[in-house]
Amino acid sequence: MCVKRYKNFQYGGNKEIKFAEFQGTSMNKNQTSKEIDRWKNKIRERTEQFMKQYPKVVEMESDDDDDDEIEEGCGYKIAYENVKIPDEETLIMPYVNENVDHDKIAEILQQTYPSIVGYHKNEYDISDRCFFHVMKKCLQEVNKYKLDPKFFYHSLYLIFPIRGSANKMSQIFPTLAEKFDARLDALTLEPWKNDETDTKSFSSHGNHFSYCVPLPYKVDDSNCKSTECFKREDRTTPIDRKDSDRLQIFVKKSVNIKGREHFLPFMNHLFSTKDPDFCRAAKKFETLGTCKELHEFVLGLEMRITEPMEAFPRKLSPNERYRFHERREDVEKEIAEKSEQELESSPANPCTHFGPCGPGNEDCSCKNFCSPFCQCDINCKLRFQGCKCKPGECGTNRCHCANQWLECIPGRCTNCCSEETKDSNAQKLVCKNSILSRKAVPCLLKSGKSKIAGTGAFLTVDVEKGDCVGEYIGHHISMEETERRDELYKFAANNYLFQLPNGQGNLDGALIGNATRFVNHSSENPNLSTTYRNMLNGNSHILFIAEMDMKAGTEVTIDYGYPKECEKVMFTYNHEKKAQKYIDEYDEECQEIEKEQRKKNRKSYWASYMAIQPMEIVSREIAKFEPEILTSNAAYYGIINLSDPSQVVFNVLSVTSAPVDIVVTLLCRWRTIAYTRKHHQSEALEKLHKSRELVFSCQTIGPLM
Ligand SMILES: C[S@@+](CC[C@H](N)C(=O)[O-])C[C@H]1O[C@@H](n2cnc3c(N)ncnc32)[C@H](O)[C@@H]1O
């Protein structure tokens, strides 16, 4: 099934200029655009020069089939777990048929999703060798004049989007140098690397985070603009640990700096990258102080730790344990009171930050409760405490863990019976809400010819109500990538996207998965339901649960949850026709826009022409295409009847007195607006009033010109 739909039809790159990328460079938006245009022209010039020198050799192009990840007859790769993949930079267009203009589809997609992924072709089709020489020449210029390489890489990517993003461009240069530069001279041209990462560098130890703070005395130079940069500090700094250029310090997670709570966002920002950069963080949080002051402040926090290191995590005192117990009861009460919908917004990612958890702290991702996997401190008031289900209740809607989309937590959930046993009676009591923690979920399905649609999924064994028959496996993709792929899948026969809750994106089983991807839809009698589980590492899982006892060989179905009226449309389209319709509709839309534009032009031309005509002609003309307007003429005659000799007076006054002219124009405008508001006319009529207003304006202002 679903074989060989994908053909290497590559476009790539997002053409949108993200000015945010260029913030911090001393240029404004206009200068940025100019610099990018300058680089683009330079790159074009170099490319044309080197194309002649290193023409593209007709290489033995590998067969399309070899490039395709998907082989004929297979359609997808078997996988046992979800694979998180980043948004794609390259579009792999589903191949529809020979008659469909794939270029056109790519062009339309680009216009529909300019901010997601562009579908632009490279401006030039050149060899890797030529590309290397273009890069080398330009990088020499970057180095010679000490230019910001960001602009060069971004421009390079705009001309050769298929070769990858600006970031990727900066990384491929060494590889090309190794291939085409025997003496490796080019490697001395230091390529730019955008090494900013979002990964938090917190290392959690019980109630403390530890991290490495750079120390000043080993650093010789600083790019920081502050005259008092901490890096320029005298080497006889009071810090007595001079054996390294970094100091590992421990800071309490609940760090409560009385009166200085506003330092917390700074701390969270500072340690959100692998290499805490005080100068950059100080620039962002300018009001807090200089980098030197902030550096001292952070080091000062470490000094305040009084507990011995070995005590992490420490045991609670009887008094604290009592308070903890009380809190646990409160939390459980709160959970019971929360509606299912509210609980759905539980975090996908465990939180990691300084300061108390909750919606008051913008670095905390937890809206309602912290999951057992959050890195918050032991006193966290939001920390979820597990369930207290009776044996057999776990996983049902009475189970607090299941309601939070979590598996039961061994050691925390009080009554869970998680031991496997051969005794079938006891087995029924085994916690049904820990399948992912205990072992990989078996897939009890296989594919086969469906009576419903194409290929379907069938049980390989007998199952009982409540049994998990498999986990939906696929590429875990973002919502943006989903939106883009969804658009592409309009041209494919089947769609294998499965949406995760809380905007966590989708699982796409198109390229990898297991037999659950063949489960067809039934809104009348689905024999499976689906449930979602959120795990420690932020991974999300979709489980398929039997809704009744079933025999091996039964075709299983779920309810896809489409609105009833959409079902037919969702399943009955012919993807080849759809592709053509997609293009036709787009063409029609374009024609419509053009028509609208032409009409607009005609109208303004008409208004200026009418401005020099007597009022009777104007009225007659208007009445021709909107008879209704005749009845509304009174509105204008009430203000100023321009067929009246008074028009002459006004015109004369206008010539002699500009203020009169302005007053008349404003009066006309005011009366017209008041009239249209009062009479709630059709859109067409309102437009005509506006044209008429223009005529009045032209007639009154005209004599001034
Ligand atoms: C996840 S796949 C299911 C497996 C699919 N039947 C196949 O052959 O690979 C979903 C696709 O199956 C088809 N499908 C599923 N349920 C259907 C139904 N009740 N009626 C018609 N088509 C259905 C639709 O094309 C849908 O995009």
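Residues numbered from 1 in each chain as written. Predicted model: local features only at pLDDT ≥ 70, side-chain atom pairs only at ≥ 80, totals over all residues. Heavy atoms only, no water.

**Q** Quick one: what's the story with the overall build of the chain, residue by residue and with numbers?
**A** Each helix and strand counted, the chain has 22 helices and 18 strands in total. Here the chain holds 705 residues, and the buried ones make up 44% of them. Within the chain, contacts between residues at least 6 apart in sequence are counted, and of these 73% link residues at least 24 apart. (Helix = DSSP H or I, 4+ residues; strand = E, 2+ residues; numbered from the N terminus. Buried < 20%, exposed > 50% of the residue type's maximum accessible area, 1.4 Å probe, protein only. Contact = heavy atoms within 4.5 Å.)

**Q** Account for the nonpolar core, naming residues and giving values.
**A** Within the largest apolar cluster, 39 residues are counted, with the highest numbers of intra-cluster contacts made by Ile105, Leu445, Val469, Leu528, Ile542, Phe544 and Val556. Here this core takes four residues from helix α17 (residues 575-610), the largest share from any one element. Mapping this core onto the domain boundaries places at least three of its residues in each of domain 1 (6-67 + 87-188) and domain 3 (435-569). With residues near it in sequence (within four places) discarded, leucine 528 still touches Val469, Phe544, Ile545, Ala546, Glu547, Met550, Val556, Thr557 and Ile558. With 29 residues, the next largest nonpolar core counts Phe209, Val251, Leu264 and Leu288 among its residues. (Core = buried A, V, L, I, M, F, W, Y, C linked by side-chain atoms within 4.5 Å. Domains from an automatic or database assignment.)

**Q** For the packing of aromatic side chains, give the residues involved together with the corresponding values.
**A** Across all of its chains, the model carries 14 aromatic pairs by this definition. An angle of 40° between the planes, with centres 4.3 Å apart, marks the rings of phenylalanine 263 and phenylalanine 297 as tilted. Highlighted residues: phenylalanine 263 in the loop between β7 (246-252) and α7 (264-270) and phenylalanine 297 in helix α9 (residues 291-303), separated in sequence by 34 residues. The pair phenylalanine 263 / phenylalanine 297 is uniform in exposure class, with both members buried. Ring geometry for phenylalanine 266 and phenylalanine 285: centres 5.9 Å apart, planes at 80°, overall edge-to-face. In this pair, phenylalanine 266 sits in helix α7 while phenylalanine 285 sits in the loop between α8 (278-284) and α9, placing the two residues 19 residues apart along the sequence. For the pair formed by phenylalanine 266 and phenylalanine 285, the shared burial category is buried. In textbook terms, an aromatic cluster arises when at least three aromatic residues are bridged by ring pairs, as seen for Trp39, Phe152 and Tyr153. Above the plane of the ring of tyrosine 76 lies arginine 517, whose end atom (NZ or CZ) is 3.9 Å from the centre. A cation over an aromatic ring shows up here: arginine 517 above the ring of tyrosine 496, its NZ or CZ 4.1 Å from the ring centre. (Phe/Tyr/Trp six-rings, centres within 6.5 Å; stacked < 30°, edge-to-face > 60°. Lys NZ or Arg CZ within 6 Å of the ring centre and 35° of its normal.)

**Q** Could you give an account of the packing of helix α4 (residues 128-144) against helix α6 (residues 166-180), with specific residues and numbers?
**A** In the contact formed by α4 and α6, the axes pass within 10 Å of each other and the chain directions differ by 115°. Between α4 and α6, the angle is such that the two are roughly perpendicular. As for the relative orientation of α4 and α6, their crossing is left-handed in sense. Side by side, α4 and α6 meet where Asp128, Arg129, Phe131, Phe132, Met135, Lys136 and Leu139 of the first sit next to Met169, Ile172, Phe173, Leu176, Ala177, Lys179 and Phe180 of the second. Split into classes, the residues belonging to the contact of α4 with α6 amount to 10 nonpolar, no polar and four charged. (Axes fitted to C-alpha atoms, helices over the stretch in contact; angles between N-to-C directions. Parallel < 35°, antiparallel > 145°, perpendicular 65-115°, else oblique. Left-handed = near helix turned anticlockwise from the far one by under 90°. Nonpolar A, V, L, I, M, F, W, Y, C, P; charged D, E, K, R; others polar.)

**Q** With reference to specific residues and values, describe a negative patch on the surface.
**A** Together, Asp584, Glu588, Glu589, Glu592 and Glu596 give the surface a local cluster of negative charge. Here glutamate 588 lies in helix α17. Look at glutamate 588 and you get exposed, because its relative accessible area is 54%. (Patch = residues over 30% accessible without salt bridge, like charges linked within 9 Å, V, L, I, M, F, W, Y side chains within 5 Å. Areas by Shrake-Rupley, 256 points an atom, 1.4 Å probe, with all protein chains shown as cover. Salt bridge = Lys/Arg side-chain N within 4 Å of Asp/Glu carboxyl O. Lys, Arg positive; Asp, Glu negative; His and termini not counted. Charge placed at Lys NZ, Arg CZ, Asp CG, Glu CD.)

**Q** With reference to specific residues and values, describe the sheet that holds strand β9 (residues 455-459).
**A** Taken in spatial order, the four strands make up an open sheet running β8-β9-β18-β15, and their pairing is mixed. Each edge of the open sheet carries a strand with a single partner, namely β8 (445-449) and β15 (520-521). (Pairing = 2+ DSSP bridges.)

**Q** Just give me the short version of the packing of α4 against helix α5 (residues 149-159), but keep the residues and values in it.
**A** Across the interface, α4 lies against α5 with an axial gap of 10 Å and an inter-helix angle of 155°. Compared by their axis directions, α4 and α5 come out roughly antiparallel. Pair α4 / α5 crosses with right-handed handedness. Across the interface between the two elements, Phe131, Met135, Cys138, Leu139 and Val142 of α4 pack against Pro149, Phe152, Tyr153 and Leu156 of α5. Split by residue class, the contact of α4 with α5 holds nine nonpolar, no polar and no charged.

**Q** Give a description of the environment of histidine 133 that names residues and reports values.
**A** Mapping histidine 133 onto the fold places it in helix α4. A C-alpha to C-alpha distance of 8.5 Å links histidine 133 and threonine 47, two positions 86 residues apart in sequence. Residue contacts for histidine 133: discarding those within four places in its chain leaves Phe50 and Tyr54. A polar contact is formed between the side chain of histidine 133 and the side chain of tyrosine 54, at a distance of 3.3 Å. (Polar contact = N/O pair within 3.5 Å; in protein donor to acceptor, adjacent residues only side chain to side chain.)

**Q** Please provide a residue-by-residue account of the sheet that holds strand β5 (residues 203-205), values included.
**A** Hydrogen bonds along the backbone pair up the strands of a sheet, which may run parallel or antiparallel. On the basis of which strands lie adjacent, the open sheet formed by three strands has the order β5-β6-β7 and antiparallel pairing. Every other strand in the sheet has two partners, leaving β5 and β7 as the edge strands with one partner each. In this sheet, adjacent strand axes meet at a mean angle of 35° when their direction is disregarded. Relative to strand β6 (residues 208-214), β5 runs antiparallel, the two being bridged by three bridges.

**Q** Which residues make up the side chain of asparagine 433, and what values do they have?
**A** Looking at the element boundaries, asparagine 433 is found in the loop between α13 (424-429) and α14 (435-438). Judged by its relative accessible area of 2%, asparagine 433 is buried. When near neighbours in sequence (up to four residues on either side) are disregarded, asparagine 433 contacts Cys394, Gly395, Cys399, Cys401, Ala402, Leu406, Glu407, Cys408 and Arg533.

**Q** Help me get a handle on the pairing of β9, residues and values and all.
**A** Most of β9 sits out of view: four of its five residues are buried. Pairing between β8 and β9: five bridges, direction antiparallel. Along β9, the bridge assignment pairs lysine 446 with phenylalanine 458. Relative to strand β18 (residues 555-558), β9 runs antiparallel, the two sharing two bridges.

**Q** Give a detailed account of α4, specifying residues and quantitative values.
**A** Helix length check: α4, at 17 residues, gives a terminal C-alpha distance of 24 Å against a target of 24 Å (1.5 Å per residue), a fit within 8%. By the burial criterion, the buried members of α4 are Cys130, Phe131, Phe132, His133, Val134, Met135, Cys138, Leu139, Glu141 and Val142. (Expected span 1.5 Å × (residues − 1).)

**Q** I'd love a proper account of unusual backbone geometry, names of residues and values included.
**A** The phi dihedral of lysine 146 falls on the positive side, at around 50°, and the residue is not glycine. Tracing the backbone through its elements, the reader meets lysine 146 in the loop between α4 and α5.

**Q** Talk me through the confidence of the model for the chain; I want residue IDs and the actual numbers.
**A** Scored by pLDDT, the chain comes out at a mean of 71, with 57% of its residues at no less than 70. Least confident of the elements in the chain is strand β1 (residues 6-12), whose mean pLDDT is 36; most confident is β18, at 94. Within the model, pLDDT remains below 50 along residues 59-74, and this stretch shows 17 contacts once partners closer than five positions in the same chain are excluded. The low-confidence segment residues 628-642, where pLDDT is below 50, has 36 contacts with residues more than four positions distant or belonging to other chains. (pLDDT = per-residue confidence, 0-100.)

**Q** Account for the pattern of salt bridges, naming residues and giving values.
**A** Evaluated as defined, the whole model comprises nine salt bridges. Across the pair glutamate 141 and lysine 42 runs a salt bridge whose closest N-O atoms are separated by 3.5 Å. Here glutamate 141, found in helix α4, pairs with lysine 42, found in helix α1 (residues 29-53); they are 99 residues apart in sequence, far enough to count as distant. The exposure class of glutamate 141 is buried, given its relative accessible area of 13%.

**Q** Any details on helix α15 (residues 479-489)? Residues and values, ideally.
**A** For α15, the set of buried residues is Glu481, Thr482, Arg484, Arg485, Glu487, Leu488 and Tyr489. The N-cap of α15, judged by a side-chain oxygen 3.1 Å from the amide nitrogen of glutamate 481 a few residues on, is serine 478.

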